[in-house]
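# Topology and contacts: notes
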Amino acid sequence: MADANDDRPLATEAEAKAVASAVRLRILRLCLDKALTNKEIAERLGANPATVLHHVRKLVDTGFLAAQEERSGARGAREIPYLATRKSWRLKFGEQYWSDMTGAMLQVFQSEVAQLADPSQVNVSRLGLRLDEEQYEEFERRLKGLFNELANLEPGPGAKPYSLFVAIHPDLDRE
């Protein structure tokens with residue numbers, strides 16, 4: 001979504017490439033509310049810890065994950081938990097990265113929804129629209145405002161984790 005009024009800093013190539021990966025987006029989501037070690041992340045992803053460490057290091061190097069205070073794990077092993085910095089929400093990404101990022105986001109959405117035992121847990125709606133440029137820009141502005149409001153919302157007591165995925169795209173079947 002291009003927006004001339006978007007005053008967020010533009011992501012560097014390294015930052016954009018770091019989050020244009022479904023695995024890295026899943027890692028960020030896992031570490032959003034609770035710091036996890038590489039081993040814990042690998043277990044939750046069902047992935048090889050060495051492979052996960054490569055992705056964790058890339059996210060740390062680009063500032064999307066932050067190492068937390070070292071702790072002792074089982075049998076006294078040194079463990080470093082990582083917490084998402086929410087940096088990805090504070091950057092805008094150049095159009096040249098949109099395709100890769102959209103593909104990664106779609107993969108993450110599909111993998112997260114596939115984990116649900118009951119598809120009815122996904123609250124979905126679909127609507128066909130016809131918007132002129134001004135209406136589209138107004139819709140985009142309002143949607144971004146809502147996302148920013150939700151991103152800044154402090155969770156209340158007993159808050160449960162949810163993920164929000166919204167897509168708008170040209171409807172080529174209706175031309």
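Residues numbered from 1 in each chain as written. Predicted model: local features only at pLDDT ≥ 70, side-chain atom pairs only at ≥ 80, totals over all residues. Heavy atoms only, no water.

As enumerated under the stated definition, the model contains two aromatic pairs in all. Seen in terms of ring centroids, Trp-89 and Phe-147 are 5.8 Å apart; in terms of plane orientation they differ by 15°. Their pairing is stacked. A residue pair is termed long-range when its members are at least 10 positions apart, and Trp-89 in the loop between strand E5 (81–84) and helix H5 (98–114) and Phe-147 in helix H6 (residues 133–151) qualify at 58 residues. A relative accessible area of 37% means that Trp-89 is categorised as partly exposed. According to the relative accessible area criterion, Phe-147 is buried, its value standing at 19%. Relative to Phe-165, the ring of Phe-109 lies with its centre 4.5 Å away and its plane at 20°, an arrangement referred to as stacked. Residue Phe-109 is found in helix H5, and its partner Phe-165 is found in the segment after H6; the two are separated by 56 residues along the sequence. Lying over the aromatic face of Phe-64, Lys-87 brings its terminal NZ or CZ to 5.1 Å of the ring centre. (Phe/Tyr/Trp six-rings, centres within 6.5 Å; stacked < 30°, edge-to-face > 60°. Helix = DSSP H or I, 4+ residues; strand = E, 2+ residues; numbered from the N terminus. Buried < 20%, exposed > 50% of the residue type's maximum accessible area, 1.4 Å probe, protein only. Lys NZ or Arg CZ within 6 Å of the ring centre and 35° of its normal.)

One pass over the full model with this rule turns up nine salt bridges. Put simply, Arg-141 and Glu-138 hold a salt bridge, and the shortest N to O gap is 2.7 Å. Highlighted residues: Arg-141 and Glu-138, both in helix H6, separated by three residues, approximately one helical turn. Its relative accessible area of 33% is what places Glu-138 among the partly exposed residues. If you follow the salt bridges from partner to partner, you end up with Glu-40, Arg-71 and Glu-79 in one network. (Salt bridge = Lys/Arg side-chain N within 4 Å of Asp/Glu carboxyl O.)

A few words on the packing of helix H3 (residues 38–45) against helix H4 (residues 49–61). Packing of H3 against H4 leaves a shortest axis separation of 9 Å and a crossing angle of 115°. Between H3 and H4, the crossing angle belongs to the class labelled roughly perpendicular. Handedness of the crossing formed by H3 with H4: right-handed. Here H3 contributes Asn-38, Ile-41, Ala-42 and Leu-45 to the contact with H4, which in turn contributes Pro-49, Val-52, Leu-53 and Val-56. Within the contact of H3 with H4, the residues separate by chemical class into seven nonpolar, one polar and no charged. (Axes fitted to C-alpha atoms, helices over the stretch in contact; angles between N-to-C directions. Parallel < 35°, antiparallel > 145°, perpendicular 65-115°, else oblique. Left-handed = near helix turned anticlockwise from the far one by under 90°. Contact = heavy atoms within 4.5 Å. Nonpolar A, V, L, I, M, F, W, Y, C, P; charged D, E, K, R; others polar.)

Of all hydrophobic cores here, the largest spans 26 residues; its most connected members are Ile-27, Ile-41 and Leu-65. Those elements that place two or more of their residues in this core are helix H1 (13–18), helix H2 (22–30), H3, H4, E5 and H5. When residues of this core are assigned to their parent elements, the largest contribution, four residues, is made by H2. Setting aside chain neighbours within four positions, we find Ile-41 in contact with Ile-27, Leu-30, Cys-31, Leu-36, Val-52 and Val-56. (Core = buried A, V, L, I, M, F, W, Y, C linked by side-chain atoms within 4.5 Å.)

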